[in-house]
Amino acid sequence: MSSSSTALRELQRDLENKANDLSKLQKDIAKNHQVRKKYTIQLGENELVLKELDLLNDDANVYKLIGPVLVKQDLAEANANVRKRIEYISAELKRLDGSLQDLEEKQHSKREAILKVQQRIQSHQAGKAKE
């Protein structure tokens, strides 16, 4: 009798650990979505800046805000900086997509593991009820 209650306690502890792991994965997924949203907004802003820079004449004055000061910047340099920023943000978004896919796969397998433990607990309890 005591061995079955010990086994049941072990299964419940296992279930609790898996549930905690799942909760952590869900928090990581939410954090990934938050960071991804921030980068998506930055990408849109930088693409708008690039479109604006493309509309300018070659002799137009371009200024960059550095702290509280506007500093004159070469149009070609400003263009190159914005393109590098877009390239970096795009790479980060691609990395976040890969990370998100990995987290979602882990979440799926963790849910399946939880389901299996729950089924084992139920079958264990059903067997105990028959005794």
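Here the structure is a predicted model, which means the values were calculated and not measured. (Residues numbered from 1 in each chain as written. Predicted model: local features only at pLDDT ≥ 70, side-chain atom pairs only at ≥ 80, totals over all residues. Heavy atoms only, no water.)

J.: Quick question: what am I supposed to make of the pattern of salt bridges here?
T.: Opposite charge on two side chains permits pairing when their charged atoms draw close. Under the definition given, this model contains eight salt bridges. Its salt-bridge partner being Asp97, residue Arg36 comes within 2.6 Å of it at the nearest N-O pair. Placement of Arg36 in helix 1 (residues 2-55) and of Asp97 in helix 2 (residues 75-130) is noted, with a sequence separation of 61 residues between them. For Asp97, a relative accessible area of 34% translates into the label partly exposed. Residue Lys106 is joined to Asp102 by a salt bridge in which the shortest nitrogen-to-oxygen separation is 3.6 Å. In this pair, Lys106 and Asp102 are both assigned in helix 2, four residues apart and thus about one turn of the helix distant. By relative accessible area, which is 42% here, Lys106 ends up partly exposed. (Salt bridge = Lys/Arg side-chain N within 4 Å of Asp/Glu carboxyl O. Helix = DSSP H or I, 4+ residues; strand = E, 2+ residues; numbered from the N terminus. Buried < 20%, exposed > 50% of the residue type's maximum accessible area, 1.4 Å probe, protein only.)

J.: Any chance you could explain the environment of Gln73 here in plain terms?
T.: Relative to the elements of secondary structure, Gln73 occurs in strand 2 (residues 69-73). Relative accessible area serves as the criterion here: at 13%, Gln73 is assigned to the buried category. Once the C-alpha coordinates of Gln73 and Val62 are considered, the two residues, eleven residues apart in sequence, prove to be 5.4 Å apart. Those residues within four positions of Gln73 in sequence are excluded, and the remaining contacts are Val62, Tyr63, Lys64, Ala78 and Asn81. (Contact = heavy atoms within 4.5 Å.)

J.: Sorry if this is basic, but what is going on with the pairing of strand 1 (residues 62-66) here?
T.: If a strand is regular, its side chains alternate between the two faces of the sheet. Two elements, strand 1 and strand 2, share five bridges in a ladder whose sense is antiparallel. Counted as the bridge partner of Tyr63 is Lys72 from strand 2. The loop that links strand 1 with its antiparallel partner strand 2 comprises two residues; one of these, Gly67, has a positive phi angle of about 65 degrees. (Pairing = 2+ DSSP bridges.)

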